[in-house]
Amino acid sequence: MERKLNNYAVLKQIEGTPWIAFSAFERFPELVCGFSTRLGGVSRGMFASMNLGFRRGDVQERVMENYFRLGRSMGFDPERLVFPDQVHRTVIRRAGAADCGKGIIHERDYTGVDGHITDEPGVPLLIFTADCVPVFLYDRQKRAAGAVHAGWRGTVGGIAEEAVRRMTEEFGSRPEDIAAVIGPSAGPDCYEVGEEVACRFLEIFGGADTRPQEAESGGSGKENRTAESCINRPEIVRPAGGDKEGKYWVNLWEANRRMLLRAGLREEHIAVSELCTMCRQDLFFSHRVTGGKRGSMAGIIMLR
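This one's a predicted model, so the numbers in the text were calculated from it and none came from an experiment.

K.L.:
How would you explain the overall build of the protein if you had to name every residue and give the values?
P.N.:
For the protein, the helix and strand inventory stands at 6 helices and 15 strands. Taking 304 residues into account, the globule formula puts the C-alpha radius of gyration at 19 Å, and the protein, at 18 Å, falls close to it. A buried classification covers 58% of the 304 residues belonging to the protein. Excluding contacts between residues fewer than 6 apart, the proportion of contacts in the protein whose partners are at least 24 apart in sequence is 65%. Carbon and sulfur atoms form 44% of the exposed surface of the protein, whose accessible area is close to 12700 Å². In the protein, 41 side chains carry a positive charge and 42 a negative one; their mean positions are 3 Å apart.

Here it is, written out as structure tokens:
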């Protein structure tokens, strides 16, 4: 069963387990890539039902069953998954067959890693998110793929750009041959930050001396927020306005898109899923909406 969510994402359901496929990657039959939802698992309570986080307090056997269900539906072996460490840094690590299972059935022997790249088939790379941005990369010419976790620190640090650089270094990829998908995450009408973080973004994307300006109209914007409003916003930073003095909306989607452009990707090769994890509580867990009382979702990419 399939249901089109928008022009960039499709909700697939195989053997009762839903997951999200990206239209931009559907033309590559040699590639497995998808993003989990909060649906179709066996976890209970605040983890209901497809929680993929082992360290959130859920029953471990239920989490493992969730992985097996998702793996059967998407087409990967959960026991071969390669987990990152995700400490909001910009370290990208090359992974291979020897790394399969690290983080899920074996202990990791690396730390401080927020992204993996590989050119080996059958090595599923995983990224955890619950509002941060998952970035997926694929070079069809060199048969190489990558998965990156971009929170606000990773975004301003240029982790997406670093992943492209590492693919060129490790596999001989040309940036113009790389396709990218920016996956489900907090959208531009939802990701609220303080002035210090807003200025960090403006230093990178809007000039070192630029400061956020006062809103031109009243209202916080949050009460009128809809899934449809979290698209087509070219601004990186906007003042929240209303009673949210000193607060700003940050567009992580556009920031990472610009980082990929700066890395040399072609504009037509970058797709934004336009799915907001904070708006779509029917599909996703959101750390910010629940105050951290939630399960974890994951994005996975693998060469067949």
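K.L.:
Could you give an account of the side chain of Ser-73, naming the residues involved and the relevant values?
P.N.:
Among the structural elements, Ser-73 can be located in helix α1 (residues 60-74). Taking the relative accessible area as the measure of exposure, Ser-73 reaches 4% and is therefore buried. Polar side-chain contacts of Ser-73 include one of 3.0 Å to the side chain of Trp-19. For Ser-73, the residues in contact, after removing those within four places along its chain, are Ile-14, Thr-17 and Trp-19.

K.L.:
Go over the sheet that holds strand β5 (residues 92-94) with me, naming the residues and quoting the values.
P.N.:
The strand order across the open sheet formed by 6 strands is β5-β6-β9-β8-β10-β14, and the pairing between neighbours is mixed. A single partner strand is all that each edge strand has here, and the edge strands are β5 and β14 (270-272). Strand after strand, the sheet turns through a mean of 15° between neighbouring axes, direction not considered. Taken together, the 3 bridges between β5 and strand β6 (residues 115-118) define a ladder with parallel strand orientation. Along β6, the bridge assignment pairs Arg-93 with His-116. Sitting on the sheet, helix α3 (residues 159-171) touches β5, β6, β8 (133-139), β9 (144-150) and β10 (178-182), and the angle it makes with β5 is about 25°.

About the thresholds
Residues numbered from 1 in each chain as written. Predicted model: local features only at pLDDT ≥ 70, side-chain atom pairs only at ≥ 80, totals over all residues. Heavy atoms only, no water. Helix = DSSP H or I, 4+ residues; strand = E, 2+ residues; numbered from the N terminus. Rg over C-alpha atoms; globule rule 2.2 N^0.38 Å. Buried < 20%, exposed > 50% of the residue type's maximum accessible area, 1.4 Å probe, protein only. Contact = heavy atoms within 4.5 Å. Areas by Shrake-Rupley, 256 points an atom, 1.4 Å probe, with all protein chains shown as cover. Lys, Arg positive; Asp, Glu negative; His and termini not counted. Charge placed at Lys NZ, Arg CZ, Asp CG, Glu CD. Polar contact = N/O pair within 3.5 Å; in protein donor to acceptor, adjacent residues only side chain to side chain. Pairing = 2+ DSSP bridges. Axes fitted to C-alpha atoms, helices over the stretch in contact; angles between N-to-C directions.

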